[in-house]
Amino acid sequence: MRFRPFIAVILFGLTVGAPGLTGTRNAAEFVGSYTWSERGRGFGGFSGLEVWDGGARFLALSDRGGVVEGRLLRVDGAIAGVSALPVHPLHDTKGAPLRRSDTDSEGLARRDDGRIFVSFEGRHRVWVYDGRQSPARPIPQHPDFDGLQPNSGLEALAIDASGALYTLPERSGRKRRPFPVYRYADGAWTQPFDIPRRDEYLPVGADFGPDGRFYLLERHFAGIFGFRNRVRSFAFTDAGAVDERVLLETRSGQHDNLEGLAVWRDTAGDIRLTMISDDNFRPFQRTELVEYRLPADLDAARARR
């Protein structure tokens, strides 16, 4: 989601005061945070993230229709640097760079064969790319997509082990209305179940973990106090989204505007939650790569606390 210009003044105040705030109230363990800065054209505004190869490689999606691929350089398992190619513009179905009116790319999912799926808000849709530089191929739309709110559409996108796509809008229309989950499988969209809407958080990123669970990154903008984030996970079954767990909840201003989420397993067997922030292309915000660890035996770890 792109924040309107009038928020810029508020964001400046909260970013100056944010660095001293720390802490979470959950079982996830903080690994580290790295501020990534580049001067290349199109850098910034990252809203989607994929990480693979044991945490060494990544793909990030900008909400202005660009993708960047690179490597995460690590010291003692924590991100200590980034080596990346230039940001490459996504193409339309004819192979031309996207027009500004057709960007606002928000959700990112990557298959093991390298195929890339991107969800857009504004003109709500999902497109698939065979590679970073290939023309787009449209996926048929669900009838609900046309009625989604402007600037609050298909913000999160994830792909499961079977190749099915899952997406949900940033807003459900009412504070007490659950978020509808849409699934694309066998050439058709369905809306098999909902995810409960809790508190003031809104979905901004999603991924399926190596444990098969669906992980949802959510954000709440608390004005001068900054951004708060939460990660919930669910088991998706024929009965719907069950076994809801709150894994991570940050304090206001602890991190920047986290929007992209990648979930993977490290060499120790722990699940990593790697997130990236959208700096809204504002000089007083930052592109932050943030990482948390979930113990390999999370239930046992909870029991010990």
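Residues numbered from 1 in each chain as written. Predicted model: local features only at pLDDT ≥ 70, side-chain atom pairs only at ≥ 80, totals over all residues. Heavy atoms only, no water.

### As for the side chain of Asn-229
Next up, step 1: Take Asn-229: it is sitting in strand β17 (residues 227–237).
Next up, step 2: The exposure class of Asn-229 is buried, given its relative accessible area of 1%.
Next up, step 3: A distance of 3.0 Å separates a polar atom in the side chain of Asn-229 from the backbone oxygen of Glu-218.
Next up, step 4: A distance of 3.3 Å separates a polar side-chain atom of Asn-229 from the backbone oxygen of Leu-258.
Next up, step 5: Aside from chain neighbours lying at most four places away, what touches Asn-229 is Tyr-201, Leu-217, Glu-218, Arg-219, Leu-248, Glu-249, Thr-250, Asp-256 and Leu-258. (Helix = DSSP H or I, 4+ residues; strand = E, 2+ residues; numbered from the N terminus. Buried < 20%, exposed > 50% of the residue type's maximum accessible area, 1.4 Å probe, protein only. Polar contact = N/O pair within 3.5 Å; in protein donor to acceptor, adjacent residues only side chain to side chain. Contact = heavy atoms within 4.5 Å.)

### Observations regarding the sheet that holds strand β1 (residues 29–36)
Next up, step 1: Reading across from one edge, β1-β21-β20-β19 is the order of the 4 strands in this open sheet, with antiparallel pairing throughout. Pairing within the sheet leaves two strands with one partner each, and these edge strands are β1 and β19 (258–265). Neighbouring strand axes in the sheet, compared pairwise and without regard to direction, differ in orientation by 20° on average.
Next up, step 2: Inspection of the sheet shows β19 paired to strand β20 (residues 271–277) by 7 bridges, in the antiparallel sense. Across the sheet, residue Leu-261 finds its bridge partner in β20, namely Met-275. (Pairing = 2+ DSSP bridges. Axes fitted to C-alpha atoms, helices over the stretch in contact; angles between N-to-C directions.)

### Examining the side chain of Ser-119
Next up, step 1: Structurally, Ser-119 is set in strand β8 (residues 116–120).
Next up, step 2: Looking at Ser-119, its side chain comes within polar contact range of the main-chain oxygen of Leu-154, at 2.7 Å.
Next up, step 3: Ignoring any residue separated from it by four or fewer positions in sequence, one finds Ser-119 in contact with Asp-104, Ser-105, Glu-106, Gly-107, Arg-125, Val-126, Leu-154, Glu-155, Ala-156 and Leu-157.

### Brief notes about the confidence of the model for the protein chain
Next up, step 1: Looking at the protein chain, pLDDT values average 88 and 89% of them are 70 or higher.
Next up, step 2: Mean pLDDT across the elements of the protein chain bottoms out in helix α1 (residues 8–17) (40) and peaks in β20 (98).
Next up, step 3: The low-confidence segment residues 4–24 (pLDDT under 50) makes 37 contacts with residues lying over four places distant or belonging to another chain. (pLDDT = per-residue confidence, 0-100.)

### What to know about the sheet that holds strand β10 (residues 136–138)
Next up, step 1: Strand order in this open sheet of 4 strands is β7-β8-β9-β10, and the pairing throughout is antiparallel. The outermost strands of the open sheet, each flanked by one partner alone, are β7 (105–110) and β10. Each neighbouring strand pair of the sheet contributes to a mean axis angle of 30°, computed without reference to strand direction.

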